[in-house]
2 protein chains.
Amino acid sequence: MSELSRRSGVPVPTIKFYLREGLLRPGRATASNQAEYEEEHLRRLRLVRALITLGGLSVAATREVLEAVGEPLGRYETLGVTHYALRSPVAAVPEGDGTDGSAAEVERLVERMGWTVTEQSPLRGALAAGLRALRGVGADYGAEELVPYAELAAATARLDLDQLAGIEDRIDIAERALVLTVLMEPVLATLRRMAQENEAALRYAGQDGGAGG
Amino acid sequence: MSELSRRSGVPVPTIKFYLREGLLRPGRATASNQAEYEEEHLRRLRLVRALITLGGLSVAATREVLEAVGEPLGRYETLGVTHYALRSPVAAVPEGDGTDGSAAEVERLVERMGWTVTEQSPLRGALAAGLRALRGVGADYGAEELVPYAELAAATARLDLDQLAGIEDRIDIAERALVLTVLMEPVLATLRRMAQENEAALRYAGQDGGAGG
C-alpha cells in the first residue's frame, strides 16, 4: 500500500478510507499485513481521487460513476455518466417556472445547432438558469445571440474530443474526460479574459485619453 | 429612495448600506426625510450591485473600481480595472516557485498569439496556476497545445467586445463588461459541455455496444 501511495501521491490514510468506502477493491493478500496492488488499482485510485478532489463529487456520486465505468458501456455512455455526475457550472439560480422562455430558448438553440443532447441532460437546465441570470441583469440572450458562441464551443469540443482519441481503457477515458472538463474550464475562462484584454487594447488603446498596456 | 429601490430591485436597507459605505452618492435633499435620486444614481447602484453579488467583490474592491470608473479614463482602462478586480477563475493552487516552467509557457503563449496583456495582469499568474493544476494530474499543456484553444478564445473575445460597441458611458461599459465576464463564463462552460456531449455522440454512439442519446 505504501508503494501505491508513493506512485499515486495519495496518502495511505486516504487510500484506507477509499477501501473502507468500497471505492477501491482490496489488493491480493500476500501476507497477513501485505497486499499486492496492480496497475488497475493505481488507475482506479487516480480516477477516484480526481472525481472527489477535482470534480467535488460525494462518495456516493463517485461510487455511481465507478459502477458505470465498470459496466460494459461504450465510450459515449462512459463520458455521459462522468459528465452528468459533475456539478453544474452555473451557480444556483432560482428555478424558473417555465414561463420565462429561457427553457424554450435552450431547445431552440439545440435544434438550430443540430446537437444531440439527451432529454435527461442536466445541461439543458443549467443553460436555462444561466440565461435567466443574464436576463436578471438586463442582458437578454436568446438562441439567436447564442449561436455564434455555440459554434465556437463546438470547435472547442472537437479539440477536446481529439484528446480522447486513441485511449481505449474506460477508466482512463473517464479520468481524462474529467480533467478536460473540470480543470480546463478555468483555463479556458482565463484565456478568454486575456483575449478580451488584447481585443480591448486593439480596439480602444490610445483612444479617448487612454494610453494602453 | 423607495422609488430607487423599486426601479433597481435592490432592497432599501441594502441601498442604505451602500450609502453608509460611500459606494453611492447621497441624493439631492428635497425635504427633511426625502431625497431625489437621478438616472445616474440608478446606473451606479446597478453597477455596485453587480460588482458585489455577481463579481463577489469586497466593499473595498468595489470602491476601487468605482473610483476608476469615476476617473476620466478611456474604455480600455475602464475595462482593465473592472477585469482585474475580479477573482481569478482558477481556484487556489499552490504558488509555483517559478521553476516548474508554467510561467514560461504562459509567456510563450502570449508571444505566439501576439497578445497585448499588461505585465501586471493577474491573468498571467492565473493561467500558470491552471497549467500547474493540469500537470499535477498528468495532463501536460504547454504553449503549443494551448494555441488552438487560445485562437477560439480570441474569436469569443471578439464577439464579446462587439457587444460593448456603441456604449459610451463608462458606468455602462463597466457594468456590461462585468456581466459579459462573470455571467457568461458559466454559460460558455455549459455550451462547451453540451457540445462535448454532441461530439461524443457523433464519434462514438452506436460503437462498442453504446446505443446513444
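Everything here concerns the structure above.
Numbering of residues starts from 1 in every chain and runs along the sequence as written. Numbering of ligands from 1 and lettering of chains from A proceed in the order in which they are written. In keeping with the model being predicted, local features are shown solely for residues with a pLDDT of at least 70 and side-chain atom pairs are shown and tallied solely at 80 or more, while totals for entire chains, interfaces and linings include all residues. The side-chain figures draw on all heavy atoms in the structure; neither hydrogens nor water molecules are used.

(A) Seen up close, the relation of the copies chain B and chain A. Least squares is the method used to superpose the copies, on C-alpha atoms of residues holding a pLDDT of at least 70 in both. Mapping chain B onto chain A leaves a residual RMSD of 0.1 Å; the transformation is a rotation of 180° accompanied by 0.0 Å of translation along its axis. Viewed as a symmetry operation, the transformation between the two copies matches a two-fold axis. Judged by C-alpha distance, L152 of chain B is the residue of chain B that lies nearest the rotation axis, at 3.2 Å. A shared interface surface links the copies, since 100% of the contact residues of chain B are contact residues in chain A too. The contact criterion used is simple: two residues touch if any of their non-hydrogen atoms lie within 4.5 Å.

(B) The arrangement of empty space enclosed by the protein in detail. Both cavities and pockets are sets of points on a 1 Å grid over the protein atoms alone; in a cavity a 1.4 Å probe fits but cannot get out, in a pocket the set is open with protein on both sides within 12 Å along at least five of seven lines, and lining residues sit with an atom within 4 Å of a point. Grid points are joined across faces, edges and corners, and a volume is the space filled by probe spheres set on the points. Here the structure, examined in full by the defined rule, presents one cavity of 30 Å³ or more. Of the voids in this model, the largest cavity is the one considered here, and its volume is about 110 Å³. Elements represented by at least two residues in the lining of the largest cavity include exactly α5 (75-85), α8 (143-162) and α9 (170-204) of chain A together with α9 (170-204) of chain B. Secondary structure elements follow DSSP: runs of H or I no shorter than four residues count as helices, runs of E no shorter than two count as strands, and numbering proceeds from the N terminus. Per-element accounting of the lining of the largest cavity gives the leading share, four residues, to α9 of chain A. Each residue is assigned to one class: nonpolar for Ala, Val, Leu, Ile, Met, Phe, Trp, Tyr, Cys and Pro, charged for Asp, Glu, Lys and Arg, and polar for all the others, Gly among them. Tallied by class, residues from the lining of the largest cavity come to eight nonpolar, four polar and two charged.

(C) Representation of the interface of chain B and chain A. Taken together, the contact pairs 84 residues of chain B with 84 residues of chain A. Counting the surface lost from both chain B and chain A, the interface buries some 7600 Å², and carbon and sulfur atoms represent 67% of this. When a carboxyl oxygen of Asp or Glu lies within 4 Å of a side-chain nitrogen of Lys or Arg, that pair is called a salt bridge. Our enumeration of links across chain B and chain A arrives at six salt bridges. R203 of chain A is the partner of D162 of chain B in a salt bridge, and the nearest nitrogen-oxygen pair spans 2.9 Å. Residues that form the side of chain B that touches chain A fall into these classes: 50 nonpolar, 18 polar and 16 charged. Joining two parts hides part of their accessible area as seen by a 1.4 Å probe, and the buried area is that hidden amount summed over both.

(D) Layout of the packing of aromatic side chains. Residue and element names in this part refer to chain A. Centres within 6.5 Å are what make two rings of Phe, Tyr or Trp a pair, Trp counting through its six-membered ring; a difference in plane orientation under 30 degrees is then read as stacked, over 60 as edge-to-face, and the rest as tilted. Throughout the structure, instances matching the rule amount to two aromatic pairs over all chains. Between F17 and Y18 the ring centres are 6.1 Å apart and the planes differ by 50°, which places this aromatic pair in the tilted class. Judged by its relative accessible area of 31%, F17 falls in the partly exposed class. The buried category is assigned to Y18, whose relative accessible area is 2%. Burial classes: relative accessible area under 20% of the type maximum marks a residue as buried, over 50% as exposed, and values in between as partly exposed (1.4 Å probe, protein chains only).

(E) Main features of the environment of A200 of chain B. As for its position among the elements, A200 of chain B is in helix α9. A200 of chain B sits in the buried class, given a relative accessible area of 2%.

(F) Structural view of the pattern of salt bridges. The final tally for this structure, using the stated rule, is 32 salt bridges over all chains. A salt bridge links R6 of chain A to E3 of chain A; the shortest N-O distance between them is 3.4 Å. With a gap of three residues between them, R6 of chain A and E3 of chain A both fall in helix α1 (residues 2-8), about one helical turn apart. E119 of chain B is the partner of R124 of chain B in a salt bridge, and the nearest nitrogen-oxygen pair spans 3.9 Å. Using a relative accessible area of 64% as the deciding quantity, one classes E119 of chain B as exposed. Taken together, the shared-partner salt bridges in this structure form one network comprising R25, E40, R43 and D172 of chain A.

(G) Region of interest: the environment of Y149 of chain B. Within the element layout of this structure, Y149 of chain B appears in helix α8 (residues 143-162). Each C-alpha atom, one on Y149 of chain B and one on A60 of chain B, is 35 Å from the other, the two residues being 89 residues apart in sequence. The contact partners of Y149 of chain B, leaving out residues within four places of it in the chain, are T156, L159, D160, Q163, L180, M184, L188 and L191 of chain A together with Y141 of chain B. A polar contact of 3.0 Å, which involves the side chain of Y149 of chain B, links it to the side chain of Q163 of chain A. Two N or O atoms form a polar contact when they lie within 3.5 Å of each other; inside protein one atom must be a possible hydrogen donor and the other a possible acceptor, and for residues adjacent in sequence the pair counts only when both atoms belong to side chains.

(H) Inspection of the pairing of strand β1 (residues 28-31) of chain A at higher detail. Residues and elements named next belong to chain A. Any two strands are treated as partners once DSSP identifies two or more bridges connecting them. Here β1 pairs with strand β2 (residues 34-36) via three bridges, running antiparallel. The partner of A31 across the bridge, within β2, is Q34. Between β1 and β2, which pair antiparallel one after the other, the connecting turn spans two residues.

(I) Representation of the packing of α9 of chain A against α9 of chain B in the model. All axes here are fitted lines through C-alpha atoms, helices being fitted over the stretch that makes contact, and every angle between N-to-C directions spans 0 to 180 degrees. Contact pair α9 of chain A / α9 of chain B: the axes reach a minimum separation of 10 Å and the direction vectors enclose 135°. Taken as axis vectors, α9 of chain A and α9 of chain B run oblique relative to one another. Of the two possible hands of crossing, α9 of chain A and α9 of chain B adopt the one that is right-handed. Along its contact with α9 of chain A, which presents L180, T181, M184, E185, L188, A189, R192, R193 and Q196 of chain A, the element α9 of chain B presents L180, T181, M184, E185, L188, A189, R192, R193 and Q196 of chain B. When grouped by side-chain class, the residues that make up the contact of α9 of chain A with α9 of chain B number eight nonpolar, four polar and six charged. In this scheme, roughly parallel covers angles under 35 degrees and roughly antiparallel covers those over 145, while 65 to 115 is roughly perpendicular and the rest are oblique. Put simply, a crossing is left-handed when the front helix is turned counterclockwise from the back one by less than a right angle, and right-handed when it is turned clockwise.

(J) Highlighting helix α4 (residues 59-70) of chain B. For α4 of chain B, which comprises 12 residues, the first-to-last C-alpha distance of 16 Å matches the rise-based estimate of 16 Å (1.5 Å per residue) to within 8%. For α4 of chain B, the secondary structure elements touched by its buried residues are α3 (39-54), α5 (75-85) and α9 of chain B. The span one expects for a helix is its residue count, reduced by one, times 1.5 Å.

(K) A look at the nonpolar core. Here, nonpolar core means buried Ala, Val, Leu, Ile, Met, Phe, Trp, Tyr and Cys residues that are tied together by side-chain atoms lying within 4.5 Å of each other. One finds L191 of chain A together with L109, W115, L134 and Y141 of chain B to be the most contacted residues of the largest nonpolar core, which totals 45 residues. Taken together, the elements giving at least two residues each to this core come down to α5, α8 and α9 of chain A together with α6 (102-113), α7 (122-136), α8 and α9 of chain B. Ranked by residue count, the leading element in this core is α9 of chain A, at 11 residues. Residues L109 of chain A together with L161, A177 and L183 of chain B belong to the second largest nonpolar core, which totals 39 residues.

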